Amino acid sequence: MPTDAEAEGPAIPLARWADRQLAALARDHGLPRLDGATLLGERGANGGYRISGKVSAGLGGSRLLPTRDGGWFALTLIREIDRELLPALFGNADLAVEDSEAIAANVARHDCADLVERGRLLGLPVASADEIPASAPIEVLELGPHRSRAAGHRPLVVDLSAIWAGPLAGHLLWQAGMEVVKVESRTRPDLIRRDDPATFDLINQGKASVLVDFGCSAEKARLIDLIRRADIVIESARPRALLQLGIDANALVREVPGLVWLSVTGHGARGEPANWVGIGNDCGVAGGLARAMAEVTGEIGYVGDAIADPLTGVTAAREAMRALEEGQARRIGLSMSAIVAMALAEERAHDPAMLESELHAWGTGIGRPFPACPRRPLTAPVHSLGADTARILRETVRC
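Residues numbered from 1 in each chain as written. Predicted model: local features only at pLDDT ≥ 70, side-chain atom pairs only at ≥ 80, totals over all residues. Heavy atoms only, no water.

### Overview of unusual backbone geometry
Of all residues except glycine, most have a negative phi; of all peptide bonds, most are trans.
Moving on, step 1. Of note in the backbone geometry, Leu 14 takes a positive phi value of approximately 80° without being a glycine.
Moving on, step 2. Structurally, the position occupied by Leu 14 is in the loop between α1 (4–8) and α2 (15–29).
Moving on, step 3. Taking relative accessible area as the criterion, Leu 14 reaches 1% and is therefore assigned buried.
Moving on, step 4. Of note, the phi angle at Ala 306 is positive, near 45°, even though the residue is not glycine.
Moving on, step 5. Note that Ala 306 resides in the loop between α15 (289–297) and α16 (308–326).
Moving on, step 6. Among the residues examined, Ala 306 registers a relative accessible area of 5% and is labelled buried. (Helix = DSSP H or I, 4+ residues; strand = E, 2+ residues; numbered from the N terminus. Buried < 20%, exposed > 50% of the residue type's maximum accessible area, 1.4 Å probe, protein only.)

### Overview of the packing of α15 against helix α17 (residues 336–350)
Moving on, step 1. Running from N to C, α15 and α17 point in directions that differ by 35°, and their axes come no closer than 10 Å. Contacts between α15 and α17 involve Leu 289, Ala 292 and Glu 295 from the first element and Val 340, Leu 344 and Arg 348 from the second.
Moving on, step 2. Of the residues in the contact of α15 with α17, the class split is four nonpolar, no polar and two charged. (Axes fitted to C-alpha atoms, helices over the stretch in contact; angles between N-to-C directions. Contact = heavy atoms within 4.5 Å. Nonpolar A, V, L, I, M, F, W, Y, C, P; charged D, E, K, R; others polar.)

### Points about the sheet that holds strand β1 (residues 62–66)
Moving on, step 1. Here three strands make up an open sheet; going across it, the order is β1-β2-β3 and the pairing antiparallel. With one partner strand each, in any of the chains shown, β1 and β3 (126–128) form the two edges of the open sheet. The average angle at which neighbouring strand axes cross in this sheet is 20°, direction not considered. (Pairing = 2+ DSSP bridges.)

### Examining the pairing of strand β5 (residues 156–159)
Moving on, step 1. Both faces of β5 are covered, namely the face carrying Leu 156 and Val 158 and the face carrying Val 157 and Asp 159.
Moving on, step 2. Note that β5 and strand β6 (residues 179–185) share four bridges and pair parallel. Residue pairing for β6: Val 158 is matched across the bridge by Val 181.
Moving on, step 3. Between the parallel elements β5 and β6, the chain passes through helix α8 (residues 165–175) in a crossover that is right-handed.
Moving on, step 4. Both β5 and strand β8 (residues 232–235) contribute to a ladder of three bridges, which runs parallel. (Right-handed = clockwise from strand over helix to strand, strands pointing away.)

Remember, this is a structural readout, not a statement about activity or role.
Encoded structure:
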């Protein structure tokens, strides 16, 4: 019969690192004291997730597959377009894209680095268990003029991001007392709103909701007016996509005094890596976490639940608070894969024996549930989609 600890599941590696960052946010910036294990584990615990080894937890949208040269290739398939691109990835027009065994067989015919390079050119979220992050975890991309804020000023945050990392950063800033406006596309709202409503509600509670038709020049102009009034902007778009929306992040940072712009990316916000797609599970692999576990247990697999997302969300909130207090406008690039690598290195330095113990417990715990974690209660309303559009954008426009 399992013990209480076994029934609850092992601790999530790097939760203690997240906890130290959250403690610093509470100490330095007055945020409520949150718990790292909660932020990394609440979605998995309350979704009934189990440790699944080479298949990501939850819906299993990401898989670690062996390659011809002995490598391990992380492939995430959560968007419709991802499967449509698989024939091009493998050079196999006849591939049955819904057949997991056929996909694995095709992976096994290629070298890992070749698949990663081709996958990233195609816009697929892929990674190797043995890569080195291509960018710094945190990078200042642009600087602009200073702004002195009056005492009692309530900062305005415009959250253009989606899924988990960026919205979690916005959630933490909301908990710090800021006004947060969540902006979504009329044609492509945040996927997590539909796919994981419980998590969506938790990290978007209290935020105003604005819908923008990015095909309408008048609505885009209203959005840019809103950004010019903001103190902080959060986005997770690739550079070309942002410019196609008519938003030039660097130009806005140079023009708007004190504007803090957070660019949440999979692998970096500058150069070629800025165009690579990355999602929480494959970014955790790219950051070295799967390989670190294999070195301890002899078995490779995913660690945590899309672990790069919450680690990046916490990091982004801390960088935003620091920059806001300094007052100088800046654009900050955040690489999810490099943040995982940074957290792993810092945790190794902090307590290597405990980290090894946690990795061992996780790697040998296939089938066990995520650690028990009570769901944090909602403390503010979740605004319906687009409920605040007219109020926030100041007037209704027609296209």
